[in-house]
Amino acid sequence: KAGVTQTPRYLIKTRGQQVTLSCSPISGHRSVSWYQQTPGQGLQFLFEYFSETQRNKGNFPGRFSGRQFSNSRSEMNVSTLELGDSALYLCASNKDRGGTEAFFGQGTRLTVV
Amino acid sequence: QKEVEQNSGPLSVPEGAIASLNCTYSDRVSQSFFWYRQYSGKSPELIMSIYSNGDKEDGRFTAQLNKASQYVSLLIRDSQPSDSATYLCAVNIITSGGSNYKLTFGKGTLLTVNP
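Description of the structure in this document. Here the structure is a predicted model, which means the values were calculated and not measured.

Definitions and cut-offs
- Residues numbered from 1 in each chain as written.
- Chains lettered and ligands numbered in written order.
- Predicted model: local features only at pLDDT ≥ 70, side-chain atom pairs only at ≥ 80, totals over all residues.
- Heavy atoms only, no water.
- Helix = DSSP H or I, 4+ residues; strand = E, 2+ residues; numbered from the N terminus.
- Rg over C-alpha atoms; globule rule 2.2 N^0.38 Å.
- Contact = heavy atoms within 4.5 Å.
- Lys, Arg positive; Asp, Glu negative; His and termini not counted.
- Charge placed at Lys NZ, Arg CZ, Asp CG, Glu CD.
- Buried area = accessible area lost by both parts, 1.4 Å probe.
- Salt bridge = Lys/Arg side-chain N within 4 Å of Asp/Glu carboxyl O.
- Polar contact = N/O pair within 3.5 Å; in protein donor to acceptor, adjacent residues only side chain to side chain.
- Pairing = 2+ DSSP bridges.
- Axes fitted to C-alpha atoms, helices over the stretch in contact; angles between N-to-C directions.
- Buried < 20%, exposed > 50% of the residue type's maximum accessible area, 1.4 Å probe, protein only.
- Core = buried A, V, L, I, M, F, W, Y, C linked by side-chain atoms within 4.5 Å.
- Phe/Tyr/Trp six-rings, centres within 6.5 Å; stacked < 30°, edge-to-face > 60°.
- Lys NZ or Arg CZ within 6 Å of the ring centre and 35° of its normal.

**Details of the overall build of chain A**
1) Next: Secondary structure summary: chain A contains zero helices and 11 strands in total.
2) Next: Along the chain direction, N to C, the helices and strands of chain A fall in the order β-β-β-β-β-β-β-β-β-β-β.
3) Next: Taken over C-alpha atoms, the radius of gyration comes to 13 Å for chain A, in line with the 13 Å a tight globule of 113 residues would show.
4) Next: Principal-axis analysis of the C-alpha atoms places the extent of chain A at approximately 35 × 25 × 25 Å.
5) Next: Taking all contacts inside chain A whose residues are at least 6 apart in sequence as the whole, residues at least 24 apart take part in 54%.
6) Next: For chain A, the separation between the mean place of its 13 positive charges and that of its 7 negative charges on side chains is 4 Å.

Okay, structure coming up:
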């Protein structure tokens, strides 16, 4: 059974640009959550999508957005990148609503220069 | 008060010893609790989930939950150097509005097992 797939694995972007990250959950899983991980702040919740709807959102500015498609695949977008957005972005797949067992993808390492 | 707290460590134990990792949480109605292991440069890997008070054992790992004390722990018996990693505690926290949950993580405890 395939795991959670995130693409790309690594990205280098310039301040002010925008970026789109992709996540394909485990087959049959309908909920996708996104997290930002930095050494100082740890794992911080960005948002959760279920049935193509954002169900939950963390305390991040509006520059961070996402969406989910009918096949449960999800994308996350960050506009007007700042240096502080450099982090590991992790996608987690849940069989059902958030709060249950979450399985993580390998992550996308974003570096903003 | 932080929602999920863990000792940051580092926790250093000799090979073969028992490693004890602790976590406290603030949301009294939380129902689901998880332990993840994260090796350096890798993503978190789910190793244990626990939903009821008491102990749950899986191989060398035992998760312990005490909802009255809002405390969850992870014991690793016969620790091996390959257990050296950061261990993350995650708790199902009810978000504002009461109808949504999110997994909230502690900042993790770095465990080093010395040969």
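**A short note on the interface of chain B and chain A**
1) Next: Taken residue by residue, the interface counts 18 residues in chain B and 21 residues in chain A.
2) Next: In total, chain B and chain A occlude about 1500 Å² of area from one another, counting both sides; carbon and sulfur atoms represent 51% of this.
3) Next: Among the residues chain B hides against chain A, the three largest losses belong to Leu103, Phe105 and Lys107 of chain B. Together they make up 27% of the total.
4) Next: Between chain B and chain A we count zero salt bridges in total.
5) Next: Remark: the boundary between chain B and chain A carries six residue pairs in polar contact (both at pLDDT 80 or more).

**Comments concerning the sheet that holds strand β1 (residues 4-6) of chain B**
Residues and elements named next belong to chain B.
1) Next: Pairing is antiparallel across the open sheet formed by five strands, whose spatial order is β1-β3-β8-β7-β6. Unpaired on one side and paired on the other, β1 and β6 (54-58) mark the two borders of the sheet. Looking at each pair of strands side by side, their axes are set apart by 20 degrees on average, direction ignored.
2) Next: The pairing of strand β7 (residues 61-66) with strand β8 (residues 71-76) spans six bridges and is classified as antiparallel. Opposite Thr62, over in β8, you have Leu75 as the bridge partner.

**What about the pattern of salt bridges?**
All names here are of chain A.
1) Next: Scanning the model with the defined rule gives eight salt bridges over all chains in all.
2) Next: Two residues, Arg63 and Glu82, come together in a salt bridge whose shortest N-O distance is 3.6 Å. Of this pair, Arg63 sits in the loop between β6 (53-57) and β7 (64-68) while Glu82 sits in the loop between β8 (74-78) and β9 (87-94), and the two are 19 residues apart along the sequence.
3) Next: Owing to a relative accessible area of 42%, Glu82 belongs among the partly exposed residues under this scheme.
4) Next: Overlapping salt bridges, with partners in common, bring together Arg63, Glu82 and Asp85 in one network.

**Let's talk about the nonpolar core**
Nonpolar side chains in soluble globular proteins tend to be buried together.
1) Next: By size, the foremost hydrophobic cluster in this structure holds 24 residues, and its most contacted members are Trp35, Val72, Leu74, Ile76 and Tyr87 of chain B.
2) Next: Counting only elements with at least two residues in this core, the list comes to β3 (19-25), β4 (33-38), β5 (45-50), β7, β8, β9 (85-94) and β11 (109-114) of chain B.
3) Next: Considering every element that reaches this core, the biggest residue donor is β9 of chain B, with five residues.
4) Next: Beyond its immediate sequence surroundings of up to four residues, Ile76 of chain B is in contact with Ala17, Ile18, Ala19, Leu21, Arg60, Phe61, Asp83, Tyr87 and Leu111 of chain B.
5) Next: With 21 residues, the next largest nonpolar core counts Val4, Ile26, Leu46 and Leu81 of chain A among its residues.

**Concerning the packing of aromatic side chains**
1) Next: In total, this model carries 10 aromatic pairs over all chains according to the counting rule given.
2) Next: Seen in terms of ring centroids, Phe60 of chain A and Phe64 of chain A are 5.2 Å apart; in terms of plane orientation they differ by 65 degrees. Their pairing is edge-to-face. For the pair formed by Phe60 of chain A and Phe64 of chain A, the shared burial category is buried.
3) Next: Three or more aromatic residues joined by ring pairs make a cluster, and in this case those are Tyr35, Phe45 and Phe104 of chain A together with Tyr36 and Phe105 of chain B.
4) Next: Here the guanidinium or amino end of Arg60 of chain B rests over the ring plane of Phe61 of chain B, the centre of that ring lying 5.6 Å away.

**Thoughts on the pairing of β3 of chain B**
In the case of a regular strand, side chains alternate between the two sheet surfaces.
Residues and elements named next belong to chain B.
1) Next: The alternating pattern of β3 places Ala19, Leu21, Cys23 and Tyr25 on a buried face and Ser20, Asn22 and Thr24 on a face that is not buried.
2) Next: Taken together, the three bridges between β1 and β3 define a ladder with antiparallel strand orientation. By the bridge assignment, Gln6 is partnered in β3 with Cys23.
3) Next: Strand direction decides the pairing type here: β3 and β8, joined by six bridges, are antiparallel. By the bridge assignment for β8, Ser20 is matched with Leu75.

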